[in-house]
Amino acid sequence: MNDNLHQLRCFGCGARIAGVEALPDFRCAVCGDLFEVEYPGWVERRGPDRPNPGALKWLWRERRSSSEALDHSGVWRFRELLPILDSFGNAVTLREGNTPLYHLPRTSKALGIDQLFAKHQGMNPTGSFKDTGMTSAMSVARERGFEWVACASTGNTSASMAAYAARAGLRSLVLIPDGKIAWGKLSQAMDYGAVTCQLKADFDGCLRLLTQIVKEAPIYLLNSVNPYRLEGQKTPAFEIAESFDWNVPDHLIVPGGNLGNSSALGKGFRELHELGLVGRMPRISVIQAVGANPLVRSLAANRGASLEPVEAHTRATAIRIGNPASWRKAARVILDTGGWCLDVTEAEIAIAKAELGAEGLGCEPASAVTLAGLKKLRAQGKVAPNETVVLVLTGHTLKDADYTIDFHRGTLLTEEEKAGKEAETDALRRNAVVVDATPAAVLATLKGSVG
Ligand code: F0G
């Protein structure tokens, strides 16, 4: 049986093509914009391929106790909503998804919000949300017979791609900016056997170069311009809706880099709504770093009609992106759901990350922008106390241990960055201390840290 029910639709001009007709750079031949996967059988209310909401909710929950490998995946568990393969037998999975949704009691209280949660996508097999999209797009690469796959990356995409390529028996090529990525991520790409090139370029330069390379060699591009990445990355929306018994939260807050993730989550919730699985969409807000905020500027300048690239600078290296590929899709999600797009400073990111750490939930700096953004939205009165809010934490804290250590040692932020926030940062710092190996010395240290 052929499981494949999809086609591709250009987000810019609406041109429709079959999946196999996509160009190597996944740009529309007519207008140059990106494609989105669509399922024509769903459009008609009683179309033969239109899934049945009640039956699906039951089936997806049942699969959690199944012994089938595909059912163990938090992406393929929802496979009726991503029929992108000729055969689901071609799926490449590392048991991604099914990530925890944590309540944040202390932060809720501090912010005066009843219901604040973190969906921790850092709890995926390679430690970031990228795995949910990599399983779907890598499966397409394998089914279509590619031997090589490639991505440009700020680190997490490359770690994920290298792992899934190794599982699929494919070779992988990674282009990353020299120096500006976290070591944990680089080590993963090496360990999983990727050919890793560190380029004297930023992320945007790496992606530009790779776009040229895939036009000259039979290499499958696995950046989020590839619409099949977004099909897997939409499934956390399904998990979140399921966790709330199909009553969606009021507000979802997502970090913004290349803007694939916010686009994908928006698509996920939109499809749930269109298919009648949920009654409404959550508000979706996107947060960027002040030094890498092209979408914030675009929405402020002309409501997302055009985007001016910026030269990006932030210690949250995962989102150090000045020319995001999926900006049109993300802008649409924000505008359609009534969300906001704002930016946060280096000090705000560091403080929010330490606050999440103090809840027992570490995360990457790029993930902590969500809490920093929520604090701003709350202060501006844009989030009410009775709202249910979900922060999407995108990466595991161990990805970038240097950042965390520098923060707690007090060497992360410059005086200028810290200005006005010294007391807040100092209260959160927990530096390691060197003490004599005697009970008295350890007990004295303990005494000194109480109160
Ligand atoms: N958070 C983390 C931890 C990331 O690694 C990324 C992106 C983002 C947020 C932003 O997501 O790009 O979909 O808006 N990392 C990419 C990479 C660019 O190469 O690993 P986005």
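Visitor: What's the story with the layout of surface pockets in this structure? I'm lost.
Guide: A volume near 410 Å³ is recorded for the largest pocket. Those elements giving two or more residues to the lining of the largest pocket turn out to be strand S3 (35–38), helix H1 (40–43), helix H11 (260–274) and helix H13 (327–337). With four residues, H11 is the single largest residue contributor to the lining of the largest pocket. For the lining of the largest pocket, the class distribution of residues is six nonpolar, no polar and ten charged. By volume, the second largest pocket amounts to about 340 Å³. As for the second largest pocket, its lining consists of 18 residues, of which Arg27, Val225, Asn323, Pro324 and Ala325 are closest to the centre. When residues of the lining of the second largest pocket are traced back to their parent elements, those giving at least two are helix H8 (203–216) and H13. Ranked by the residues each element gives to the lining of the second largest pocket, the list is headed by H8, at four residues. By residue class, the composition of the lining of the second largest pocket is seven nonpolar, four polar and seven charged.

Visitor: Is there a simple way to think about the site of the ligand in this case?
Guide: In the neighbourhood of the ligand, 19 residues make up the surrounding shell, with Thr154, Asn156, Asn258, Leu259 and Thr394 lying closest. At 2.7 Å from an oxygen atom of the ligand is found a main-chain nitrogen or oxygen belonging to Leu259. Asn261 places a main-chain nitrogen or oxygen 2.8 Å from an oxygen atom of the ligand. Its free accessible area being 480 Å², the ligand has 99% of it covered by the protein chains. Put simply, the ligand lies in the largest cavity. At the level of secondary structure, the elements contributing two or more residues to the shell around the ligand comprise helix H6 (156–168) and H11. Grouping the constituent residues of the shell around the ligand by class yields six nonpolar, eleven polar and two charged.

Visitor: What is the right way to look at a nonpolar patch on the surface in this model?
Guide: A cluster of nonpolar side chains, Val433, Val435 and Val442, forms an exposed patch at the surface whose accessible area comes to about 240 Å². Inspection of the secondary structure assignment puts Val442 in helix H19 (residues 439–449). When its relative accessible area of 47% is taken as the criterion, Val442 is described as partly exposed.

Visitor: For this particular structure, what's the right way to read the sheet that holds strand S13 (residues 388–393)?
Guide: Hydrogen bonding along the main chain pairs the strands of a sheet, whether they run parallel or antiparallel. An order of S4-S5-S13-S10-S11-S12 is seen for the six strands of this open sheet, with the pairing classed as mixed. This sheet does not close on itself; its edge strands, each paired only once, are strand S4 (101–103) and strand S12 (341–344). Between one strand and the next, the sheet's axes are offset by a mean angle of 25 degrees, whatever the strand orientation. Strand direction decides the pairing type here: S4 and strand S5 (residues 115–120), joined by three bridges, are antiparallel. In the strand pairing of S5, Tyr102 is matched with Ala118. On top of the sheet, helix H12 (residues 294–302) reaches strand S11 (283–289) and S12; it is set at about 135 degrees to S12, its chief contact. Lying over the sheet, helix H15 (residues 365–379) contacts S5, strand S10 (251–255), S11, S12 and S13, oriented at roughly 135 degrees with respect to S10.

Visitor: Help me out: how do you make sense of the sheet that holds strand S8 (residues 195–199) in this one?
Guide: Ordered in space as S8-S7-S6-S9, the four strands form an open sheet in which the pairing is parallel. Here the strands that pair on one side only, and so sit at the sheet edges, are S8 and strand S9 (219–221). On average, each strand axis in the sheet is tilted by 25 degrees relative to the strand beside it, whichever way the strands run. Sheet topology note: the strand S6 (residues 148–152)/strand S7 (residues 171–177) ladder contains five bridges and is parallel. Looking across to S7, one finds that Val149 is bridged to Ser172.

Visitor: So what exactly am I meant to see when it comes to unusual backbone geometry here?
Guide: Backbone phi values are negative for most residues with the exception of glycine, while trans is the configuration of most peptide bonds. The phi dihedral of Asn98 falls on the positive side, at around 55 degrees, and the residue is not glycine. Residue placement: Asn98 occurs in the loop between helix H3 (69–72) and S4. You will see that Trp246, though not glycine, has its phi angle at about 70 degrees, which is positive. Along the chain, Trp246 falls in the loop between helix H10 (235–243) and S10. Given a relative accessible area of 9%, Trp246 falls into the buried group.

Visitor: Help me understand the packing of aromatic side chains, please; the structure alone is not making it clear to me.
Guide: When we look at a pair of aromatic rings, we describe it by the centre distance and by the angle of the planes. Tallied over the entire structure, the rule returns nine aromatic pairs. Taken together, the ring pairs in this structure connect Trp60, Phe78, Phe238 and Trp246 into an aromatic cluster.

Visitor: Could you clarify how one ought to interpret the pattern of salt bridges in this entry?
Guide: A side chain of one charge can pair with a side chain of the opposite charge if their charged atoms are brought near each other. By the definition in use, this model includes 23 salt bridges. The partner of Arg16 in a salt bridge is Glu38, with the nearest N and O atoms 2.4 Å apart. Taken together, the positions of Arg16 in strand S2 (residues 16–17) and Glu38 in strand S3 put the pair 22 residues apart, joining distant regions of the chain. Accessibility expressed as a relative area gives 18% for Glu38, which makes it buried.

Cut-off values and rules
- Residues numbered from 1 in each chain as written.
- Predicted model: local features only at pLDDT ≥ 70, side-chain atom pairs only at ≥ 80, totals over all residues.
- Heavy atoms only, no water.
- 1 Å grid on protein atoms, 1.4 Å probe; cavity = no way out; pocket = protein on both sides within 12 Å on 5 of 7 lines; lining within 4 Å.
- Points joined across faces, edges and corners; volume = space filled by probe spheres on them.
- Helix = DSSP H or I, 4+ residues; strand = E, 2+ residues; numbered from the N terminus.
- Nonpolar A, V, L, I, M, F, W, Y, C, P; charged D, E, K, R; others polar.
- Near = heavy atom within 4 Å.
- Polar contact = N/O pair within 3.5 Å; in protein donor to acceptor, adjacent residues only side chain to side chain.
- Areas by Shrake-Rupley, 256 points an atom, 1.4 Å probe, with all protein chains shown as cover.
- Sits in = over half its atoms within 2 Å of the grid points.
- Patch = residues over 30% accessible without salt bridge, like charges linked within 9 Å, V, L, I, M, F, W, Y side chains within 5 Å.
- Salt bridge = Lys/Arg side-chain N within 4 Å of Asp/Glu carboxyl O.
- Buried < 20%, exposed > 50% of the residue type's maximum accessible area, 1.4 Å probe, protein only.
- Pairing = 2+ DSSP bridges.
- Axes fitted to C-alpha atoms, helices over the stretch in contact; angles between N-to-C directions.
- Contact = heavy atoms within 4.5 Å.
- Phe/Tyr/Trp six-rings, centres within 6.5 Å; stacked < 30°, edge-to-face > 60°.

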